[in-house]
Amino acid sequence: MLIKSPPAWNIPERETTPEGIYLNRREMMKGAAAGTMLAASSMIGAGSALAAQPWDDDPSAKLYPVARNEAYTVARGITPEDLNSKYNNFYEFGSHKQIFRAARRLNVRPWTIKIDGMVEKEMEIDIDDLLAKMPLEERVYRHRCVEAWSMTIPWSGFALKALVDLAAPLGSAKYIEMKTFMDPDVASGQKQFWYPWAYTEGLTMAEATNELAFLVTGTYGHPALNQHGAPLRLAVPWKYGFKSIKSIVQFHFTDKRPTSFWEDIAGKEYGFWANVNPDVPHPRWSQATERALGADKRVPTLIYNGYAEQVAGLYKGMESESLFM
Ligand SMILES: Nc1nc2c(c(=O)[nH]1)N[C@H]1C(S)=C(S)[C@@H](COP(=O)(O)O)O[C@H]1N2
Ligand SMILES: [Mo]
C-alpha cells in the first residue's frame, strides 16, 4: 500500500464482462443444481462444471447460488472472476497482488466467530451455524481501492445489521471493532512484525446498521474464495477498500473508536472514515479517477463511490472530521 508511484497495471487489457455473461452463468449453475449437469457442462466447455473446485469440501457450498437482491445492482459490467481472483490485497499473505496461491493455505473450516464487548450476551458462533440463521442474498457492489483501481463484484452474504441484531448490543456501544484471524504459520505476512497484526477495522453503529454494510460469505454464486476473505468478510462499498476487512474472527462492540490497521501504520494517509471522494486526493496521488480491473480507460470516481443516496446522511454535521481519507 505504501506505493510511491501509481500501481503497475500488469493485467491483460480488456473490457469488463457485460452483465449478461455472468447472468447466463448463473442460470447454468441453477440448471446444474436441478440435474441438467450434462447440458450445462457442454455449454461451458468439456467437463469444466465437473472439475474440482476450491469449495468442493465446503459444507456451505449447497447454499449457493442465492437469490439476487435487485435493489443492489450496478450500471457497470461485472469484473471477470479470473481477474479479481488473481489480483488481491491481503497483506497476511504478502504485500503484492498475487497472493491467491498463498491464501489456499488458510483453512476456513472449522471457523469460529467471537461476538463480545458491549452486548447483552457474549457468544462464540460457528460459521455454518451463523450461515443457517442469516438471510442470504446476492448483491452486486462496486469496490474502490484507495490505490485508484476498482472492480464490480457479485457478493453473496447478509446485511451486517442482521449480525448486530443477533449480537444485541447495549445502548452504550458506539462502534464495532472487527479483527482478522492471526496465524503466522499459515499467513507468512504476519511474521512481518512491523505491521500491527491482527488486521483491524471499525465502523460506527450507524454505519454498521446502514443498509449497505454487508457481510460477504460468497462470491460469483459460490462460497467465497480464500483470497477474497473467506469465510466471512466485510463489504462497505462507499469506503475505500481497506475498510472491507477479510476473514473476520471477532466483532467487538465498544464505546472507544477502534484504530484501523492502516490508520495505525500511516494515519495521515489512511484515516478511520475513509469515505470515497474524488475531490480529496490521497497525500501522494489523485483520487479523481479509477481504473476498473481489465478495462483500458480510466473513469471518474464518484462521491461515496456512487452510494451517496444511501450514506451521505450518516455524515451530516460531521464536516469538521477527516471524512474522506
Ligand atoms: N485482513 C485483511 N483484509 C483486507 C486487506 C488485507 O490486507 N487484510 N486488504 C484490504 C484492501 S486494501 C482491499 S482493496 C480489499 C481487497 O479485496 P479483494 O482482494 O477481495 O479485491 O481487501 C481489504 N481487506
Ligand atoms: Mo485497497
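Anything mentioned here points back to the structure above.
As the structure is a computational prediction, the values presented were derived from the model and not from experiment.

Student: I keep staring at the site of ligand 1 and nothing clicks. Help me out?
Tutor: Close to ligand 1 lie 20 residues; Tyr91, Glu92, Met151, His228 and Lys246 are nearest. For ligand 1, an oxygen atom lies 2.9 Å from a polar atom in the side chain of Asn88. The contact in question runs from an oxygen atom of ligand 1 to an N or O atom on the side chain of His228, over 2.7 Å. Protein contact buries 100% of the 540 Å² of open area that ligand 1 shows by itself. Its residues assigned to classes, the shell around ligand 1 shows 9 nonpolar, 8 polar and 3 charged.

Student: Could you clarify how one ought to interpret the sheet that holds strand S6 (residues 200-204) in this entry?
Tutor: As a general point, the strands of a sheet are linked pairwise by backbone hydrogen bonds and lie either parallel or antiparallel. A sheet is described by the order of its strands in space; here 5 strands give the open sequence S2-S1-S10-S5-S6, paired in mixed fashion. Two strands bound the open sheet, and with one partner strand each, they are strand S2 (123-126) and S6. Between one strand axis and the next, the sheet turns through 20° on average, direction left out of account. Note that strand S5 (residues 175-180) and strand S10 (residues 248-254) share 6 bridges and pair antiparallel. Bridge pairing links Ile176 to Phe253 in S10. Across the face of the sheet, helix H6 (residues 160-167) comes into contact with strand S1 (112-117), S2, S5, S6 and S10 while running at roughly 65° to S10.

Thresholds applied
Residues numbered from 1 in each chain as written. Chains lettered and ligands numbered in written order. Predicted model: local features only at pLDDT ≥ 70, side-chain atom pairs only at ≥ 80, totals over all residues. Heavy atoms only, no water. Near = heavy atom within 4 Å. Polar contact = N/O pair within 3.5 Å; in protein donor to acceptor, adjacent residues only side chain to side chain. Areas by Shrake-Rupley, 256 points an atom, 1.4 Å probe, with all protein chains shown as cover. Nonpolar A, V, L, I, M, F, W, Y, C, P; charged D, E, K, R; others polar. Pairing = 2+ DSSP bridges. Helix = DSSP H or I, 4+ residues; strand = E, 2+ residues; numbered from the N terminus. Axes fitted to C-alpha atoms, helices over the stretch in contact; angles between N-to-C directions. Contact = heavy atoms within 4.5 Å.

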